[in-house]
Amino acid sequence: MKLPTLREVGTEAKLLLIGIPVFIWTMIPIYHMFVFAISPKEDAFSGKLWPSHPTLHNFEIVFNQQHYFLRDFWIQFWNSTVIALAVGALTLFVATAAAFSISRLRVPGGRAVMNMALFTYFIPAAFLAVPMYRTMGNYGLLNNHWSLILAMVTIAAPYAIWVLKQASDKLPVELDEAATMDGATTLQLFRLVYVPLMMPSLVAVGTYAILLAWNEYLYAFLLLSKDTDITLPVALGNFLAADDSPWELLMTTGFIYALPPAAVYYAFKRYMVGGLTAGAVKS
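Per chain, residue numbering runs from 1 following the sequence as it is written. The model is predicted, so local features are restricted to residues of pLDDT at least 70 and side-chain atom pairs to those at 80 or more, both for listing and for counting; the totals for chains, interfaces and linings are taken over all residues. Excluded from the side-chain calculation are hydrogens and water; included are all heavy atoms of the structure.

> What should I look at first to understand the packing of aromatic side chains in this one?
Each pair of aromatic rings is reported with the distance of its centres and the angle of its planes. Between rings of Phe, Tyr and Trp, where Trp is taken as its six-membered ring, a pair exists when centres lie within 6.5 Å; planes separated by under 30 degrees are stacked, by over 60 edge-to-face, and by other angles tilted. Applying the stated criterion across every chain, the model contains 19 aromatic pairs. Ring centres 6.0 Å apart and planes at 65 degrees place the aromatic pair Trp74 and Phe77 in the edge-to-face group. Here Phe77 and Trp74 lie together in helix α3 (residues 73-103), a separation of 3 residues that amounts to about one turn. A relative accessible area of 40% means that Trp74 is categorised as partly exposed. Look at Phe77 and you get buried, because its relative accessible area is 17%. Between Phe77 and Trp214 the ring centres are 5.6 Å apart and the planes differ by 85 degrees, which places this aromatic pair in the edge-to-face class. Highlighted residues: Phe77 in helix α3 and Trp214 in helix α9 (residues 199-214), separated in sequence by 137 residues. The two residues Phe77 and Trp214 agree in class, both being buried. One aromatic cluster in this structure is built from Phe63, Phe73, Trp74, Phe77, Trp214 and Tyr257. The criterion for a charge sitting over a ring is simple: Lys NZ or Arg CZ within 6 Å of the ring centre, and within 35 degrees of the ring normal. The residue whose ring lies beneath Arg71 is Tyr68, and the NZ or CZ to ring-centre distance is 4.5 Å. In this text, helices come from DSSP runs of H or I with a minimum length of four residues, and strands from runs of E with a minimum of two, each type numbered from the N-terminal end. When accessible area is computed with a 1.4 Å probe and restricted to protein chains, residues below 20% of their type maximum are described as buried, those above 50% as exposed, and intermediate ones as partly exposed.

> Please explain the environment of Trp247 as it appears in this structure.
Mapped onto the elements, Trp247 comes out in helix α12 (residues 247-267). When its relative accessible area of 32% is taken as the criterion, Trp247 is described as partly exposed. The sequence separation of Trp247 and Ala258 amounts to 11 residues, and the corresponding C-alpha distance is 16 Å. Residue contacts are defined here by distance: any two heavy atoms, one from each residue, within 4.5 Å place the two residues in contact. Look past the residues within four positions of Trp247 in its chain and what remains in contact with it is Phe36, Phe45 and Leu240.

In structure tokens, the structure reads:
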């Protein structure tokens, strides 16, 4: 067995010295959120590292919707889920079709379209919120889930197209030629050759779009208003409207809401790392 060299040990030690503080700094807010979630109301601001009487009562209140701000918790959670999945599916459809057309079919003007789409990122998404609100109002889509879905697809699609196009460029063109010589149509080439080979990148882009929509607040706040239509991030903001906000319930709800994206990320993290960096380096 080969022993590590002094240089390798030094490099590993430097990485640990950087990584451990960053990990602790990242976990501190999550830890405090969890401590709030298991603390009784009277102990929430005690300043202790661990509550004297930890309890799961706050989770019971949230799950059973036993508070004014939580009366539509499950409906709002469902709204967030449906919108996030719809954004992921539509973003994948638009980005996959666009990347296939630009990279494999070489449609005229394809690169110009992709560059124009990326140009939209020169303008911060927050600056586009009011124009997006006006556009959705002109089409009668305000207070409709489709307004938020289409807005988030608009934001997610350019980056998704770029990632899939870069990954598509790395696929050998000989595969397309062989499939065409065997009599495959364009749709068969797309379905039987392109999609299976692009699956890691597709999973990464789909996950990215889902998490983007799941965590969105500004557009959801502007485009949706009814308590039964809003997403959970907007509902969490309503907690702060009270003079005596139930912080322990706010943190409990936030902790619950953070679990699905964490599970999705860790389930597909190898695709996220590999898929989102595909094509970043020329081979």
